[in-house]
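Chains, contacts and geometry: an overview
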Amino acid sequence: MKIVVVGSGAMGSLFAAFLTKSKEEIWLLDKNKENAAKINASGISVEGVSGSWQAKVKTTAGIEDIGKADLALICVKAFNTKSAVEQIKPILGQNTKILTLQNGIGNVEIISEIAGEDKVIAGVTSQGVTLIETGKIRHAGNGETIIGSIDGKTPVELRQIREIFNKVGLETKMSRDIKSLIWSKLIINVGINALAAVTRLPNGRLTEYEGTKRILRDAVTEAARIVKRKRVKLVFDDPLAKVEAVCEGTSDNLSSMLQDVLRKKRTEIDFINGVIVRLGQEMGISVPTNKLLLDLVKTIESSYGHSV
Ligand code: PAF
């Protein structure tokens, strides 16, 4: 199988590095020429829960180098999904699958619109990873990945992907209800990401202070109300208990949104708390805590370079 990992951020680098342990043909695509050249020359170095190791991976900024792919794994930020899928059009063949494990709501819809729903495989991952610099990552937590097709079927490609991922040490399961999984992951991101970005605390500390505990609870409760009204079933019964458990399970991890803020990068806030705010308005459900988190993170983004 020819697998193309799109995006060399934390998650893309982790998946690309692990996948080089397989017998498959692995490519990493990064639209930034300098980053691509650096990784192509020096590889990816990983440190953390999976040990200290190096992976050599063919990396390019030129889509024309790759040829038709069997699988494209989209690892860009949600606000770049549209341009990434437009960019990879030349490598999409009749049977190419596109897998998104990205945070937030909207990626499946964007990819489906450009490439067709039959191509899309979606999922969630609990891998914890921090980008130290281009080509250098810290593997902070070894969580499971769950994948599924939109129609709930389990085509051969899905089983193949699961097998390849498991063989290289990326623990992967299949699900027939990917919608539940994506919304369940959203609840986790709603509770953790913005709050971590605003307070600059690692995940585990968010439940240690009265104030953050209360904000986390309110953000999650509001989001759970929206999900209930949408009649989406979550994969856990108690959303708050689940989010608190994730904080504990990923205690040293800096949430991806905190990593973005520390690097003065645009965040995925519109695809996480922003989704809850939009749906709250549409449904007439009050979501003040999510609105506050949205406004704060937007302000942080707008004031990069002006704040002390
Ligand atoms: O975005 C993230 O950082 C992760 O999805 C999670 C689960 C919140 C852990 O940090």
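Data block above holds the structure.
Not measured: the values here are computed from a predicted model.

Turning to the environment of Trp-27, a few remarks are in order. With respect to the element layout, Trp-27 can be found in strand 2 (residues 25-29). In this structure Trp-27 comes out as buried when scored by relative accessible area, which is 11%. Apart from the residues within four sequence positions on either side, Trp-27 is in contact with Lys-2, Ile-3, Val-4, Val-5, Val-57, Lys-58, Thr-60, Asp-65 and Ile-66. A polar atom in the side chain of Trp-27 sits 2.8 Å from the side chain of Glu-25.

In the neighbourhood of the ligand, the contacting residues comprise Asn-103, Lys-185, Asn-189, Asn-193, Asn-203, Asn-253, Ser-255 and Ser-256. Asn-103 is positioned with one of its side-chain polar atoms (N or O) 2.8 Å from an oxygen atom of the ligand. Between the ligand and the protein, one listed contact pairs an oxygen atom with a side-chain N or O atom of Lys-185 at 3.3 Å. Computed on the free molecule, the ligand has an accessible area of 280 Å², of which 89% lies beneath the protein chains in the complex. The greatest single-element share of the shell around the ligand, amounting to three residues, is contributed by helix 6 (residues 178-199).

Here Trp-183 shows up in helix 6. For Trp-183, a relative accessible area of 7% gives the class buried. The sequence separation of Trp-183 and Ala-223 amounts to 40 residues, and the corresponding C-alpha distance is 9.6 Å.

The contact between helix 6 and helix 8 (residues 239-249) brings their axes to 9 Å, and the two run at 60 degrees. Seen along the crossing, helix 6 lies across helix 8 with a hand that is right-handed. Contacts between helix 6 and helix 8 involve Ile-187, Ile-188, Gly-191 and Ile-192 from the former and Pro-239, Lys-242, Val-243, Val-246 and Cys-247 from the latter. Grouping the constituent residues of the contact of helix 6 with helix 8 by class yields seven nonpolar, one polar and one charged.

This brings us to the sheet that holds strand 11 (residues 145-149). Strand order in the open sheet made by the eight strands is 5-2-1-6-7-8-11-12, with mixed pairing throughout. With one partner strand each, in any of the chains shown, strand 5 (58-60) and strand 12 (172-174) form the two edges of the open sheet. Taken pair by pair, the neighbouring strands of this sheet meet at an average axis angle of 25 degrees, ignoring direction. With respect to the sheet, helix 6 is in contact with strand 8 (120-125) and strand 11, its orientation differing from that of strand 8 by roughly 40 degrees.

Further remarks concern the packing of helix 6 against helix 10 (residues 273-283). Closest axis-to-axis distance for the helix 6/helix 10 pair is 9 Å, and the angle between their directions is 110 degrees. Comparing the axis directions of helix 6 and helix 10 gives the class roughly perpendicular. Along its contact with helix 6, which presents Trp-183, Leu-186, Val-190 and Ala-194, the element helix 10 presents Asn-273, Val-275, Ile-276 and Leu-279. When grouped by side-chain class, the residues that make up the contact of helix 6 with helix 10 number seven nonpolar, one polar and no charged.

Relative to the helices and strands, Lys-2 resides in strand 1 (residues 2-6). An unpaired buried charge is present at Lys-2: no salt bridge exists, and Glu-25, the closest side chain of opposite charge, is 4.2 Å distant. With sequence-adjacent residues up to four places away left out, Lys-2 is seen in contact with Glu-25, Trp-27, Ile-66, Gly-67, Lys-68, Ala-69, Asp-70 and Leu-71.

Let us look at the nonpolar core. Core analysis: the biggest nonpolar cluster contains 66 residues, and Ile-88 and Trp-183 have the highest contact counts within it. Take this core: its biggest share by element is 13 residues, from helix 6. Residues from two domains meet in this core; each of domain 1 (2-175) and domain 2 (180-302) gives at least three. The residues touching Trp-183, leaving out its near neighbours within four places in the chain, are Ile-105, Val-227, Lys-230, Val-232, Leu-234, Val-275 and Leu-279. Residues Leu-73, Ile-121, Val-129 and Ile-161 belong to the second largest nonpolar core, which totals 33 residues.

The next point concerns the packing of aromatic side chains. Any aromatic ring pair is given by two values, namely how distant the centres are and how the planes are angled relative to each other. Within the structure shown, the criterion is met by two aromatic pairs. Aromatic pair Phe-18 and Trp-53: ring centres 5.0 Å apart, planes at 85 degrees, arrangement edge-to-face. Taken together, the residues Phe-18 in helix 1 (residues 10-19) and Trp-53 in strand 4 (residues 53-55) connect sequence positions 35 residues apart. Trp-53 matches Phe-18 in its accessibility class, with the two residues each being buried. We note Lys-21 situated over the ring of Trp-53; from NZ or CZ to the ring centre the distance is 4.0 Å.

About the thresholds
Residues numbered from 1 in each chain as written. Predicted model: local features only at pLDDT ≥ 70, side-chain atom pairs only at ≥ 80, totals over all residues. Heavy atoms only, no water. Helix = DSSP H or I, 4+ residues; strand = E, 2+ residues; numbered from the N terminus. Buried < 20%, exposed > 50% of the residue type's maximum accessible area, 1.4 Å probe, protein only. Contact = heavy atoms within 4.5 Å. Polar contact = N/O pair within 3.5 Å; in protein donor to acceptor, adjacent residues only side chain to side chain. Near = heavy atom within 4 Å. Areas by Shrake-Rupley, 256 points an atom, 1.4 Å probe, with all protein chains shown as cover. Axes fitted to C-alpha atoms, helices over the stretch in contact; angles between N-to-C directions. Left-handed = near helix turned anticlockwise from the far one by under 90°. Nonpolar A, V, L, I, M, F, W, Y, C, P; charged D, E, K, R; others polar. Pairing = 2+ DSSP bridges. Parallel < 35°, antiparallel > 145°, perpendicular 65-115°, else oblique. Lys, Arg positive; Asp, Glu negative; His and termini not counted. Salt bridge = Lys/Arg side-chain N within 4 Å of Asp/Glu carboxyl O. Core = buried A, V, L, I, M, F, W, Y, C linked by side-chain atoms within 4.5 Å. Domains from an automatic or database assignment. Phe/Tyr/Trp six-rings, centres within 6.5 Å; stacked < 30°, edge-to-face > 60°. Lys NZ or Arg CZ within 6 Å of the ring centre and 35° of its normal.

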